[in-house]
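Each chain, written out:
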Amino acid sequence: MNPLKPGETARTPWIVGVSGASGTPYAAAVLRALLAAGESVDLVVSRASRLTLLDETGISFRDAHWRDDLRAWLSRGADGKPDTFTVNVDADAVRYWPAGDLAAGPSSGSYPTKGMLIVPASTASVAGVALGLSKDLLQRAASVTLKERRTLVVAVRETPLNGQTLRHLVSLDDAGATVVPASPAFYAGATHIQDLVDFVAGRVLDAAGVQHRLYRRWQGELGGGDRPL
């Protein structure tokens, strides 16, 4: 359990926004680690991300059955194998807000949160947040997070990046967000696709100050990552 800051309660959540970029295993790894750390989560799944999730996992994310669909998604490994992980998605742990609900809790600065993680972040969502468009709840919640000076981590997943997107990322950095490209590293001794996914998820959580054990940290010794956790 990560320590609470002054004014926070046990149900002061992290908002996790999932955009339509490829990389739904990154989001799953972040969500699992937040729950394992005892954090509460408010989840926003964009309409575009549902198509990506279906394409990458075969899972349909439905508003009326979101808890069952989320459990199926989070239990799946990055290699597509079902029932790889056991997760708790009960009412205290996770709250789901439809992307079209602009009256949802996270749309207001008076709704207490620890911050927001957008993972993966598409270039469209990056542009929308940088320009303050607030066209859906994901963008609106991110804009609120910035204006309230809360932690915003943007795990951009796209390559190559054009000049316009780079300028949007600089704007987000200037506004106080942390930009974390979804770029796996190999020094931690990765032997499986899940290790590479967990490295990126761990760096997202590092930027948010959330404790985890998703990857082996560099200790200043060559070969220290030969044996993964």
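Now for a description of the structure that goes with this document. (Residues numbered from 1 in each chain as written. Predicted model: local features only at pLDDT ≥ 70, side-chain atom pairs only at ≥ 80, totals over all residues. Heavy atoms only, no water.)

### Comments concerning the pairing of strand S4 (residues 115–121)
In terms of residue burial, S4 counts as a mostly covered element, since 7 of its 7 residues are buried. Judged by which residues are buried, S4 turns out to be covered on both faces: Gly115, Leu117, Val119 and Ala121 on one side and Met116, Ile118 and Pro120 on the other are all buried. As defined by bridge partners, strand S1 (residues 14–18) adjoins S4 across 4 bridges and the pair is classed as parallel. What sits directly across from Val16, in S4, is Leu117. Relative to strand S5 (residues 151–156), S4 runs parallel, the two being bridged by 5 bridges. In the strand pairing of S5, Leu117 is matched with Val153. (Buried < 20%, exposed > 50% of the residue type's maximum accessible area, 1.4 Å probe, protein only. Helix = DSSP H or I, 4+ residues; strand = E, 2+ residues; numbered from the N terminus. Pairing = 2+ DSSP bridges.)

### What about the layout of surface pockets?
Approximately 320 Å³ is the volume attributed to the largest pocket. Around the largest pocket sit 20 residues that line it, and Arg32, Ala33, Leu35, Ala36 and Ala37 are the ones nearest its centre. At the level of secondary structure, the elements contributing two or more residues to the lining of the largest pocket comprise helix H1 (24–36) and helix H7 (193–208). With 5 residues, the single largest contributor to the lining of the largest pocket is H1. (1 Å grid on protein atoms, 1.4 Å probe; cavity = no way out; pocket = protein on both sides within 12 Å on 5 of 7 lines; lining within 4 Å. Points joined across faces, edges and corners; volume = space filled by probe spheres on them.)

### Focus: the packing of helix H4 (residues 123–131) against helix H5 (residues 137–147)
Pairs of packed helices are described in terms of their axes, by the angle between the two and the distance that separates them. At a minimum axis separation of 9 Å, H4 and H5 run at an interaxial angle of 45 degrees. By the criterion of interaxial angle, the relationship of H4 to H5 is oblique. When the axes of H4 and H5 are compared, the crossing they make is right-handed. Of the residues in H5, those in contact with Ala124, Ser125, Gly128 and Val129 of H4 are Leu138, Gln139, Ala142, Ser143 and Leu146. Tallied by class, the residues present in the contact of H4 with H5 amount to 5 nonpolar, 4 polar and no charged. (Axes fitted to C-alpha atoms, helices over the stretch in contact; angles between N-to-C directions. Parallel < 35°, antiparallel > 145°, perpendicular 65-115°, else oblique. Left-handed = near helix turned anticlockwise from the far one by under 90°. Contact = heavy atoms within 4.5 Å. Nonpolar A, V, L, I, M, F, W, Y, C, P; charged D, E, K, R; others polar.)

### A closer look at the pattern of salt bridges
Tallying each qualifying case throughout the model produces 8 salt bridges. One salt-bridge network, held together by shared partners, links Arg203, Asp206 and Arg217. (Salt bridge = Lys/Arg side-chain N within 4 Å of Asp/Glu carboxyl O.)

### Describing H4
Restricting attention to buried positions, one finds in H4 the residues Ser125, Val126, Ala127, Gly128 and Val129. Elements in contact with the buried residues of H4: S4, H5, S5 and helix H6 (163–174). Where H4 ends, the next residue or the one after it, Gly132, has phi of about 70 degrees, a positive value.

### Regarding the pairing of strand S2 (residues 41–45)
Regular strands place side chains that alternate from one sheet face to the opposite one. Along S2, 5 of the 5 residues are buried, which leaves the element largely enclosed by surrounding structure. Residues Val41, Leu43 and Val45 point to one face of S2 and Asp42 and Val44 to the other, with burial holding for every one of them. Looking at chain direction, S2 and strand S3 (residues 94–98) are connected through 5 bridges and run parallel. For Val41, the partnering residue across the bridge sits in S3 and is Val94.

### Things to note about the nonpolar core
In terms of nonpolar packing, the biggest core is built from 42 residues, with Leu34, Leu43, Leu70, Trp73, Leu74 and Leu117 touching the most fellow members. When residues of this core are traced back to their parent elements, those giving at least two are S1, H1, S2, helix H3 (66–74), S3, S4, S5 and H7. By residue number, the principal contributor to this core is H1, which donates 9 residues. Apart from residues lying up to four places away in sequence, Leu34 is in contact with Trp14, Val16, Glu39, Val41, Leu117, Leu205 and Val210. Within the second largest apolar cluster, 22 residues are counted, among which are Ile15, Ala141, Ala142 and Val154. (Core = buried A, V, L, I, M, F, W, Y, C linked by side-chain atoms within 4.5 Å.)

### Notes on the packing of aromatic side chains
Using the criterion set out here, one finds 6 aromatic pairs in the structure. With centroids separated by 6.1 Å and ring planes inclined at 90 degrees, the aromatic side chains of Trp97 and Tyr111 adopt a geometry described as edge-to-face. With Trp97 in strand S3 and Tyr111 in the loop between S3 and S4, this residue pair connects regions lying 14 residues apart in the sequence. Exposure class is identical for Trp97 and Tyr111. Each is buried. An aromatic cluster of three or more residues is present, and its members are Tyr187, Phe199, Tyr215 and Trp218. If you follow Arg32 out to its NZ or CZ, it ends over the ring of Phe85, 3.8 Å from the centre. (Phe/Tyr/Trp six-rings, centres within 6.5 Å; stacked < 30°, edge-to-face > 60°. Lys NZ or Arg CZ within 6 Å of the ring centre and 35° of its normal.)

Coordinates in, geometry out; function isn't part of it.
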